[in-house]
Amino acid sequence: MAVGCVIELAARVASRELKNGFAVVRPPGHHAEESTAMGFCFFNSIAITAKYLRDKLNIGKILIVDLDVHHGNGTQQAFYADPSILYVSLHRYDEGNFFPGSGAPNEVGSGPGEGYNINIAWTGGLDPPMGDVEYLTAFRTVIMPAANEFDPEIVLVSAGFDAVEGHDPPLGGYKVTAKCFGHLTKQLLKLADGRVVLALEGGHDLTAICDASEACINALLGNELEPLPEDIVHQIPNMNAIASLKKTTEIQSKYWKSVEPYSVPVDCALAESQKQEREETETVSAMASLSVDVEQCVPQEGSRAAGEPMEEEPAL
């Protein structure tokens, strides 16, 4: 049932019958491997759906973003050598000491799929726990640049919400707010003409699941989202997050040109980075405007310069 629901929804979104969608299904799937059930997962809904879209509907490029606090070992395994599917996961890793132990930053894919597997492997335990700032920075420095460069035709999201505050340390222990997941979803909607499909993965706190799901659905509907607190916008990521992101960007910059510029300045506040991006955009716009003005000032062949008298038309 869960797999069928996700396939049906994704097929309708891929054919533009639906704009986007959220499959609220159980059980989750991203831990299920080809011949092994684990972590409450029996069939990998997102992986099976991606293969269906690729093989049956001829979708050439699929982005999978895994937001669950645990690494999606099954999804990674399914596409480790496949360049048509870019798999990106943000997860608690702690040098392999957090379940399921996979998802190291140097696990980048193999053969033709090398570079098409991106692990943002948070380390450092819960001292302090990762929160909104760290997740937003990961999107800014790695996920969105690589995703835009990949240019997917559809985006599938393993929407696990066990990184949301309210989960005990053995189940996650992070402090990401539910509203933040809405803002992350809104960013993903900028890809693939908005063709984004979410499928529920992990989550053990009912309130956290409900609140995060509501935030994501509001984003999918195009509703105005509750703004993030002002202190979040001006806060820099914690040192463990900076170390994790620098390691990821150092590795992934070999495969994604768009990630390379962000390999150093991950330790600035979101507001500062947004200011820099606005200044860069304004500079590019000004240069483009200047170029247009220059082109308009260059006399075209057969035209006359200012003040040059017009030739009289011959009398008939």
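Here the structure is a predicted model, which is why all the values come from computation and not from measurement.

## Some details on the layout of surface pockets
Estimated volume of the second largest pocket: approximately 230 Å³. Lining the second largest pocket are Ala 32, Glu 33, Glu 34, Phe 42, Phe 43, Asn 44, Ala 47, Ile 48, Lys 51, Gly 74, Gln 77 and Ala 78. Among the secondary structure elements, those contributing two or more residues to the lining of the second largest pocket are helix H2 (45-55) and helix H3 (73-78).

## Topic: unusual backbone geometry
Working note: non-glycine residues mostly have negative phi, and peptide bonds are mostly trans. In this structure, the amide linkage connecting Arg 26 to the following residue, Pro 27, adopts the cis form with an omega of 5°. Within the element layout of this structure, Pro 27 appears in the loop between strand S1 (21-23) and H2. The step from Asp 127 to Pro 128 runs through a cis peptide bond, and the omega angle for that step is 0°. Even without glycine at this site, Asp 193 takes up a positive phi of about 55°.

## Some details on the packing of aromatic side chains
On inspection of all chains with the given rule, the structure shows 6 aromatic pairs. Here Phe 22 and Phe 161 contribute two aromatic rings whose centre-to-centre distance is 6.5 Å and whose plane-to-plane angle is 65°, an arrangement assigned as edge-to-face. Taken together, the positions of Phe 22 in strand S1 and Phe 161 in the loop between strand S5 (154-159) and helix H5 (178-188) put the pair 139 residues apart, joining distant regions of the chain. Residues Phe 22 and Phe 161 agree in their burial class; the two are buried. With 6.1 Å between their ring centres and 65° between their planes, Tyr 116 and Phe 150 make a pair best called edge-to-face. Here the residue Tyr 116 occupies a position in the loop between strand S3 (85-92) and strand S4 (117-122), and Phe 150 occupies one in helix H4 (residues 132-150), the gap between them amounting to 34 residues.

What counts and what doesn't
Every chain's residues receive numbers from 1 upward, in the order its sequence appears when written. Thresholds applied to this predicted model are a pLDDT of at least 70 for local features of residues and 80 or more for the giving and counting of side-chain atom pairs; totals over whole chains, interfaces and linings are not thresholded and use all residues. Calculated side-chain values reflect all of the structure's heavy atoms, with hydrogen atoms and water omitted. Think of a 1 Å grid over the protein atoms and nothing else: a 1.4 Å probe that fits but is trapped marks a cavity, an open set flanked by protein within 12 Å on at least five of seven lines marks a pocket, and residues with an atom within 4 Å of a point count as lining. Grid points are joined across faces, edges and corners, and a volume is the space filled by probe spheres set on the points. A helix here means a DSSP run of H or I that spans at least four residues, while a strand means a run of E at least two residues long, and both kinds are numbered starting from the N terminus. The pairing test for Phe, Tyr and Trp rings, Trp by its six-membered ring, is centres within 6.5 Å, and the orientation test on the planes gives stacked under 30 degrees, edge-to-face over 60, and tilted for anything in between. Under the scheme applied here, a residue whose accessible area is under 20% of the maximum for its type counts as buried, over 50% as exposed, and between as partly exposed, the area being computed with a 1.4 Å probe on protein chains only.

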